[in-house]
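Spelled out from the first residue to the last, the chains are:
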Amino acid sequence: MQRKRKSRVLMQVAMAVLLLLGFVAVAPAAEVQPGDVIDKSNADKAKDYFPPHFMRWITDGWELESPVTVHVVAPVPNPPPKNYMEESKKNATRVTLLPDGKLEGYVAGLPFPDPQEPNKALKIMWNSYYRWRGDDFTYPGGFLVPGKRKNGQLSIGKADIHFLRFTGRTDVDPRPEIPNPHNLEWAMTLDSLSPPEWRGMVTLVWRYNDPTKPDDMWTYLPTMRRTLRMISRERSNPVRGTTSTWDDYYGFDGKLMEFDYKLLGEQKILAVMNQSTLDVDGHHPILSDNYEIRDAYLVEITPKDPRYPEKFRHVWVIKESFWVVYSESFDKNGQFWKGCVNTFHRFDLPNGDHGPFNTGNSITDFKTGTWVGNFIRNLNLNNSKLTPAAFEPGSLNATGM
């Protein structure tokens, strides 16, 4: 009896220490198994496997869309490609996290394949920052951009992204770097194909190797036949009249050095990691699809700039690939504001390997009852034949992208 009492006391002390450290692994109250179907009739069974805001997508669709039905299936591995993971293993001995939060010795892959304390949260976010998404990609025929305001009509636009990685390359020669005079990490163009009033508008983003240097951005306006430089430091501004900001994309796409990070815990979550269909024209990006149980980190992100419109953001980062699968943003008063859901698919690569890529995205502003999504049908990955010349500001009106 004394031994059992002593064991209980030790367990209570251990839990108290974990609470004081602000870190507790989130353990689900009810076990979910492959074969389960979760809908509004039994949603509580899965409440510990999702971010808090996602549960209303299941119960009533936030009164924005039809409720989601979650089909739980056995997990199918969807890791980054072998070349990328081999580079990640090399980083285990060559990368150092400096006192100011910068990296020293990074070449390619995950900077910290097995992130540990100290500064584990920052290491996780560096991994997410350098997550695998290919050395280049485009969307043949464009991707769908549906959007809707509560009680409004569904609108569908179409756009394309052309992405070229200059450093940290693991799949396509030259590796690990394409020499460039601007010292870029990557460059991207966002090309609007529709609606008619946006057609021909092209935005160019330069991301520099220096993590403290702000991005540079330009937009070509076909109505003016001019390329205008944008205020790229304000990444929290809405993009093209939507409720989404540049920092909202992918769950979190902020400049890493402009935020602080805290690891809140580790959690088993349900996520669409092998999306079953890419033909979703006209549907909301949050799918009634196949969900797999995955291990994730829960990280709190706090802006250093007091003028930033968010007080903090929570992100759920998949351990297998370090993509953000869910995020929740809170306004300056700490009230829930936006939620993001990402879905993924396993794509074959030209070299015979395969890797995970973000195929669906939904960003919802719950204050205005407005959502904007992105859906891709086709992906041209590591085979786009893009050249650095296509990512110069003077080329935007002549790229033909």
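Residues numbered from 1 in each chain as written. Predicted model: local features only at pLDDT ≥ 70, side-chain atom pairs only at ≥ 80, totals over all residues. Heavy atoms only, no water.

(A) Quick peek at the overall build of the protein chain. Regarding its fold elements, the protein chain presents four helices and 19 strands. Within the protein chain, the fraction of its 401 residues that count as buried is 53%. Intrachain contacts of the protein chain at a sequence separation of at least 6 include 58% that bridge at least 24 residues. For the protein chain, the accessible area works out to roughly 18400 Å², and carbon and sulfur atoms hold 53% of it. (Helix = DSSP H or I, 4+ residues; strand = E, 2+ residues; numbered from the N terminus. Buried < 20%, exposed > 50% of the residue type's maximum accessible area, 1.4 Å probe, protein only. Contact = heavy atoms within 4.5 Å. Areas by Shrake-Rupley, 256 points an atom, 1.4 Å probe, with all protein chains shown as cover.)

(B) Just helix 4 (residues 120-129), in detail. Taking burial as the measure, the ten residues of helix 4 include ten buried ones, the bulk of the element. Regarding helix 4, the residues found buried are K120, A121, L122, K123, I124, M125, W126, N127, S128 and Y129.

(C) Structural detail: the nonpolar core. Judged by nonpolar contacts, the single largest core of 82 residues is most densely connected at F50, W126, Y261, Y291, V299 and Y326. When near neighbours in sequence (up to four residues on either side) are disregarded, F50 contacts M55, I58, V70, Q267, L270, Y291 and Y326. Ranked by size, the runner-up nonpolar core spans 15 residues in total, among them I178, A187, Y220 and A390. (Core = buried A, V, L, I, M, F, W, Y, C linked by side-chain atoms within 4.5 Å.)

(D) Summary view of the pattern of salt bridges. Under the definition given, this model contains 22 salt bridges. Residues D216 and R229 are paired through a salt bridge, measuring 2.6 Å at the closest nitrogen-oxygen approach. Highlighted residues: D216 in strand 10 (residues 216-221) and R229 in strand 11 (residues 226-229), separated in sequence by 13 residues. When salt bridges that share partners are traced, they join D248, E310, R313 and K338 into one network. (Salt bridge = Lys/Arg side-chain N within 4 Å of Asp/Glu carboxyl O.)

(E) Spotlight on the packing of aromatic side chains. Enumeration according to the criterion identifies 30 aromatic pairs in this entry. Both rings, one in Y297 and one in F322, keep their centres 6.1 Å apart while their planes meet at 25 degrees; by these two values the pair is stacked. Taken together, the positions of Y297 in strand 13 (residues 290-303) and F322 in the loop between strand 14 (310-318) and strand 15 (324-331) put the pair 25 residues apart, joining distant regions of the chain. The pair Y297 / F322 is uniform in exposure class, with both members buried. Relative to F330, the ring of F312 lies with its centre 4.5 Å away and its plane at 25 degrees, an arrangement referred to as stacked. (Phe/Tyr/Trp six-rings, centres within 6.5 Å; stacked < 30°, edge-to-face > 60°.)

(F) Region of the structure containing unusual backbone geometry. Here the bond from D173 into P174 is cis, since omega is 0 degrees, no more than 30 degrees from zero. Turning to its location among the elements, P174 is positioned in the loop between strand 7 (155-165) and strand 8 (184-194). Cis geometry marks the peptide bond from R175 to P176; its omega dihedral reads 0 degrees. Residue position: P176 is located in the loop between strand 7 and strand 8. Positive phi, close to 60 degrees, is recorded for E63, a residue that is not glycine. Here E63 is to be found in the loop between helix 2 (54-59) and strand 2 (70-72). Assessed through its relative accessible area of 51%, E63 is described here as exposed. If you check the backbone angles, N382 has positive phi at about 60 degrees while not being a glycine. Tracing the sequence through the fold places N382 in the segment after strand 19 (380-381).

(G) Quick look at the pairing of strand 8. Of all eleven residues that make up strand 8, nine are buried, and the element is covered over most of its length. Pairing between strand 7 and strand 8: eight bridges, direction antiparallel. Pairing of L164 across the sheet is with A187, part of strand 8. Examined bridge by bridge, strand 8 and strand 9 (residues 202-208) share seven bridges and lie antiparallel to one another. Residue pairing across strands places L190 opposite T203, the latter belonging to strand 9. (Pairing = 2+ DSSP bridges.)

(H) Focus on the pairing of strand 9. Taking burial as the measure, the seven residues of strand 9 include seven buried ones, the bulk of the element. In this sheet, strand 10 lies alongside strand 9 in antiparallel orientation, the contact comprising five bridges. Along strand 10, the bridge assignment pairs T203 with T219.

(I) The arrangement of the side chain of H53 in detail. Summarising the element assignment, H53 is placed in the loop between strand 1 (37-38) and helix 2. A polar side-chain atom of H53 sits 2.8 Å from a polar atom in the side chain of E328. Leave out the neighbours within four places in its chain, and H53 touches W62, S327, E328, F336, G339, C340, V341 and F366. (Polar contact = N/O pair within 3.5 Å; in protein donor to acceptor, adjacent residues only side chain to side chain.)

(J) Examining the side chain of D160 more closely. Along the polypeptide, D160 turns up in strand 7. There is no salt bridge for the buried D160, and the closest opposite charge comes from K158, which lies 10 Å off by N-O distance. Among the polar contacts listed, one links the side chain of D160 to the backbone nitrogen of Y139, at a separation of 3.0 Å. Beyond its immediate stretch of four places on either side in the chain, D160 contacts T138, Y139, G142, F143, T189, L190, D191 and L193. (Lys, Arg positive; Asp, Glu negative; His and termini not counted.)

(K) Region of interest: the confidence of the model for the protein chain. For the protein chain, per-residue confidence averages 87 on the pLDDT scale, and 89% of positions sit at 70 or higher. Note that pLDDT drops below 50 for residues 1-7; the model gives that stretch zero contacts with residues more than four away or on any other chain. Note on residues 9-27: pLDDT is under 50 here. Beyond four places in sequence and across chains, it has 18 contacts. (pLDDT = per-residue confidence, 0-100.)

(L) Summary view of the environment of F375. Structurally, the position occupied by F375 is in strand 18 (residues 370-375). Given the relative accessible area of 2%, F375 is considered buried. For F375 and L144, which are 231 residues apart along the polypeptide, the C-alpha to C-alpha distance reads 5.1 Å.

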